[in-house]
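The residues making up each chain are set out below.
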Amino acid sequence: MNENLYAQFDMRFPADASACFLSCSDGRTLTFDGLRARTAQVANLLRRLGAQPGDRIAAQVEKSLDAVTLYLGCLRAGCVFLPLNPAYQMGELAHLLGDARPTVLVTAPQRAAMCKTLAAETAIAQVVEMADDGSGEFRDRVARESTNCLTAERSGGDLAAILYTSGTTGRAKGAMLTHRNLAVGTRVLHTQWGFRPGDVLLHILPIYHFHGLFVALHSALYNGNTVLFETRFDAAQAIGLLAHSTVVMGVPTHYARMLAEPALDAAACQGMRLFISGSAPLLPSVFRAFQERTTHTILERYGMTEGGMFVSNPYDGERRCGTVGKPLPGIALRVADAQDRPMPPLGIGNIQVKGESVFAGYWRLPEKTAEDHTVDGYFRTGDLGMLSEDGYLTIVGRDKDLIISGGLNVYPKEIEDVIDGLPGVRESAVVGVPHPDFGESVTAVVVLDHHASPPSAEQVALHVRNRLAAFKVPRQVYFAEELPRNAMGKVQKLALRQQYGAAQSA
Ligand code: MCA
Ligand code: AMP
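Residues numbered from 1 in each chain as written. Chains lettered and ligands numbered in written order. Predicted model: local features only at pLDDT ≥ 70, side-chain atom pairs only at ≥ 80, totals over all residues. Heavy atoms only, no water.

Visitor: I tried to follow the site of ligand 2 on my own but got confused; where do I start?
Guide: Around ligand 2 sit 16 residues in total, of which Arg301, Thr305, Asp383, Lys400 and Asn409 are the nearest. Contacts to ligand 2 include Glu300, whose side-chain N or O atom sits 2.9 Å from a nitrogen atom. Within the side chain of Lys400, an N or O atom sits 2.8 Å from an oxygen atom of ligand 2. Compared with its free state, where it exposes 500 Å², ligand 2 has 93% of that area covered by protein. Ranked by residues supplied to the shell around ligand 2, first place goes to strand β13 (residues 299-304) with five residues. (Near = heavy atom within 4 Å. Polar contact = N/O pair within 3.5 Å; in protein donor to acceptor, adjacent residues only side chain to side chain. Areas by Shrake-Rupley, 256 points an atom, 1.4 Å probe, with all protein chains shown as cover. Helix = DSSP H or I, 4+ residues; strand = E, 2+ residues; numbered from the N terminus.)

Visitor: Would you explain the nonpolar core in this entry?
Guide: If you look at the biggest cluster of nonpolar residues, it comprises 89 residues, and the most contacted ones within it are Phe21 and Trp193. In terms of residue count, the dominant contributor to this core is helix α8 (residues 210-223) (nine residues). Excluding anything up to four places from it in sequence, Trp193 contacts Val215, Met249, Arg273, Leu274, Ile276, Leu299, Arg301, Met309, Ser312, Asn313 and Tyr315. Leu228, Tyr255, Cys269 and Met272 belong to the second-largest nonpolar core, a separate cluster that totals 23 residues. (Core = buried A, V, L, I, M, F, W, Y, C linked by side-chain atoms within 4.5 Å. Buried < 20%, exposed > 50% of the residue type's maximum accessible area, 1.4 Å probe, protein only. Contact = heavy atoms within 4.5 Å.)

Visitor: Would you explain the layout of surface pockets in this entry?
Guide: Picture a little ball the size of a water molecule; that probe, rolled over the atoms, points out where space is still empty. Considered as a void within the structure, the second largest pocket measures approximately 260 Å³ in volume. What lines the second largest pocket is a set of 15 residues, and nearest its centre among them are Glu92, Gly170, Arg171, Glu414 and Leu468. Among the elements of the structure, α4 (90-100) and α13 (412-420) are those that each provide at least two residues to the lining of the second largest pocket. Among the elements that take part in the lining of the second largest pocket, α4 stands out by supplying four residues, more than any other. (1 Å grid on protein atoms, 1.4 Å probe; cavity = no way out; pocket = protein on both sides within 12 Å on 5 of 7 lines; lining within 4 Å. Points joined across faces, edges and corners; volume = space filled by probe spheres on them.)

Visitor: I'm lost on the site of ligand 1 in this one. Help?
Guide: As a matter of local geometry, ligand 1 sits amid 25 residues, with Arg257, Ser279, Arg301, Ser405 and Arg465 nearest to it. Between ligand 1 and the protein, one listed contact pairs an oxygen atom with a backbone N or O atom of His211 at 3.0 Å. Gly406 is positioned such that a nitrogen or oxygen atom in its backbone is 2.9 Å from a nitrogen atom of ligand 1. Considered on its own, ligand 1 offers 1,000 Å² of accessible surface; in the complex 76% of this is hidden by protein. For the shell around ligand 1, the elements supplying multiple residues, two or more each, are α8, α10 (252-259) and β13. Each residue belonging to the shell around ligand 1 can be placed in one class, and the counts come to ten nonpolar, ten polar and five charged. (Nonpolar A, V, L, I, M, F, W, Y, C, P; charged D, E, K, R; others polar.)

Visitor: Even after reading the chapter, I still don't get the state of the cysteines, so can you show me in this structure?
Guide: Note on terminology: disulfide describes a covalent bond linking the sulfur atoms of two cysteines. Summed over the entire model, instances satisfying the criterion amount to zero disulfides. Here Cys115 is not disulfide-linked; the sulfur of Cys74 is the nearest cysteine sulfur, at 17 Å. Classification of Cys115 as buried rests on a relative accessible area of 0%. Free of any disulfide, Cys321 has its nearest neighbouring cysteine sulfur in Cys269, separated by 18 Å. (Disulfide = S-S within 2.5 Å.)

Visitor: Is there a simple way to think about the sheet that holds strand β19 (residues 393-398) in this case?
Guide: Remark on secondary structure: sheet strands pair via backbone hydrogen bonds, oriented parallel or antiparallel. One open sheet accounts for four strands, arranged β16-β17-β18-β19; its pairing is antiparallel. Because the sheet does not close on itself, it has two edges, and the strands there are β16 (332-336) and β19. On average, adjacent strands in this sheet sit at an angle of 45° to one another, irrespective of strand direction. Of the strand pairs in this sheet, β16 and strand β17 (residues 348-354) are connected by five bridges, and their pairing is antiparallel. The residue of β17 that forms the bridge with Arg334 is Gln352. (Pairing = 2+ DSSP bridges. Axes fitted to C-alpha atoms, helices over the stretch in contact; angles between N-to-C directions.)

Visitor: How should the packing of α13 against helix α14 (residues 457-465) be read in this particular structure?
Guide: A packed helix pair is summarised by two numbers, namely the angle formed by the two axes and the spacing between the axes. Running from amino to carboxyl end, α13 crosses α14 at an angle of 115°, the nearest separation of the two axes being 9 Å. Regarding α13 and α14, the two cross each other, and that crossing is right-handed. For the pair α13 and α14, contact is made by Ile415, Val418 and Ile419 and by Val460, His463 and Val464, respectively. Looking at the contact of α13 with α14 residue by residue, the classes come out as five nonpolar, one polar and no charged. (Left-handed = near helix turned anticlockwise from the far one by under 90°.)

Visitor: Just checking my understanding: could you explain the pairing of strand β1 (residues 20-24) for this structure?
Guide: In the case of a regular strand, side chains alternate between the two sheet surfaces. In the sheet, β1 pairs with strand β2 (residues 29-31) via three bridges, with the strands oriented antiparallel. Looking across to β2, one finds that Cys20 is bridged to Thr31. Where β1 folds back onto β2 in an antiparallel hairpin, the turn is made up of four residues, including Gly27, whose phi is positive at roughly 100°.

Visitor: Where do I start with the environment of Ala338 in this structure?
Guide: Its place among the elements puts Ala338 in the loop between β16 and β17. Exposure remark for Ala338: the relative accessible area of 72% places this residue in the exposed category. Along the sequence, Ala338 and Cys269 sit 69 residues apart, while their C-alpha atoms lie 45 Å from each other.

Visitor: What exactly am I supposed to notice about the packing of helix α3 (residues 65-76) against α8 here?
Guide: As a packed pair, α3 and α8 sit with axes 13 Å apart at the nearest point and diverge in direction by 80°. Taken together, the axis directions place α3 and α8 in an arrangement best described as roughly perpendicular. Of the residues in α8, those in contact with Val68, Tyr71 and Leu72 of α3 are Leu213, Phe214, Leu217, His218 and Leu221. Tallied by class, the residues present in the contact of α3 with α8 amount to seven nonpolar, one polar and no charged. (Parallel < 35°, antiparallel > 145°, perpendicular 65-115°, else oblique.)

Visitor: What exactly am I supposed to notice about α14 here?
Guide: Counting along an α-helix, one turn takes 3.6 residues, and residues three or four places apart therefore face a common direction. All of the buried residues along α14 are Val460, Ala461, His463 and Val464. In an axial view of α14, the angular spread of the buried residues amounts to 155°, which keeps them on one side of the axis. Buried residues belonging to α14 abut α13, β23 (439-448) and β24 (476-479). (Arc of directions from axis to C-beta.)

Visitor: Where do I start with helix α5 (residues 112-122) in this structure?
Guide: Within the sequence span of α5, burial applies to Ala112, Cys115, Leu118, Ala119 and Thr122. What you see down the axis of α5 is that its buried residues fit within an arc of 120°, all on one side. Summarising the geometry of α5, the exposed residues directed more than 90 degrees from the buried face are Ala113, Ala120 and Glu121. Contacts made by the buried residues of α5 are with α4, β5 (104-107) and β6 (126-129). Just downstream of α5, Ala123 is the residue with a positive phi angle, here 60°.

Below is the structure:
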């Protein structure tokens, strides 16, 4: 059997393939028949561009119907999809492209010149342009290809995608995901979250991350249902679409923003059967307010780019506030001590997971892969958790220096390295402090040296903005005489979070 993930979806498309698959907020639609034809054309184009099975196809494109067909066409060609956040700047891209060495890079016209320079430096053979609405060179070239193609034979262990995820060292690393990893994860969620005929998924997430690209889209593809595809998130617009939807997946910021709209009430959610939240902690206040306003109980789940969903509150059964539920079928999970020994219930330790959906390791980083796995094969998530007596997991913190802002991960080291490169800066520390909209917001504490013209807070922020994606730019910059350090000389980030979190809420 062909274990190509696309082939597994295709088998499950509705018998009447003239049914709508994507209904995009820009007015365009795509049936399942159309999806088959378009993804064949994309696969044929990729082959024409020289891509062989196993080659990487990088895409730094906006959310659009064409971007979805690019992903699925890439699978059909047997290639490995490499989605990139459109907010990434040249320095960030240079590292990712240099590491992944894709054969084809699909990018927006406004970034084409920069990408062609990078392509020349990193030996990328082909750069193709796709405009923000999906139009332009890519669509034109795809249209000239045949609508028939054979989906490439893949085994379960072959790579389907590489998703880059930043790290505590400040350098992003590529999580390798196989066709089997993604298929297993999809099947489990299909059953656990009760997908059924007639479901309509309201899709409000970006599609360069696991959450929007895989958890959300795969659920719909495997279930053969319609997706209402919002290219940008607008809370009022999303609430209007709930009447035509049955399932929504979002990050806590989506729920907080919907709650800020008076139109959100039980009547607006009448046809809905499931609201799912993840990627960042859902505040109990948001969980409860949503329940009161809509009568719906948000289902919170927990996962990571390195394998998708590990733990979920139940579809039938108690969705316990402040917890992420129980390990999903097929996931062995333990809360472990420093020696990787399982701890008894209520003990706080590192969350470790093992299972067929858990990733195949970091691209070209065997040592890092080994370091992040225990001798008995568990992956160390870097999250701290506690299991209740009856098996519900609470995420109590992180053992990694990570900020999650609006569901997007920001690694302080990457920003500190950039700030420290600014003349007049002796050192800096970046922390996340509580934020009503984004959950946490990026805050920099800067120590100046005795430079003749020290930078202002605005100059520090601008320096970062010119080099890194906008969501990584510190929203607040404070100056300090020195950074608090422990006896080992390590910066005490907790003290900074407390001090500057209090300063902002004052
Ligand atoms: C946008 N901005 C942000 C963020 N998003 N700043 C900080 N944190 C953010 N998350 C900035 C932009 O750079 C811009 O700044 C300004 O806000 C407005 O940009 P806009 O695009 O209009 O933002 P938005 O539409 O309001 O976006 C907020 C958002 C978005 C909808 C919450 O961030 C989002 O879609 N987050 C979800 C991310 C996600 O899918 N995470 C899953 C990864 P300026 O004006 O200064 O230029 S985790 C995962 O995949 C695992 C498996 C899991 O568990 O799910
Ligand atoms: P990423 O590396 O972008 O996939 O983000 C994964 C990280 O998001 C996890 O390691 C957790 O720290 C965090 N995360 C995901 N879901 C939740 C959740 N429901 N509650 C708290 N943190 C979460």
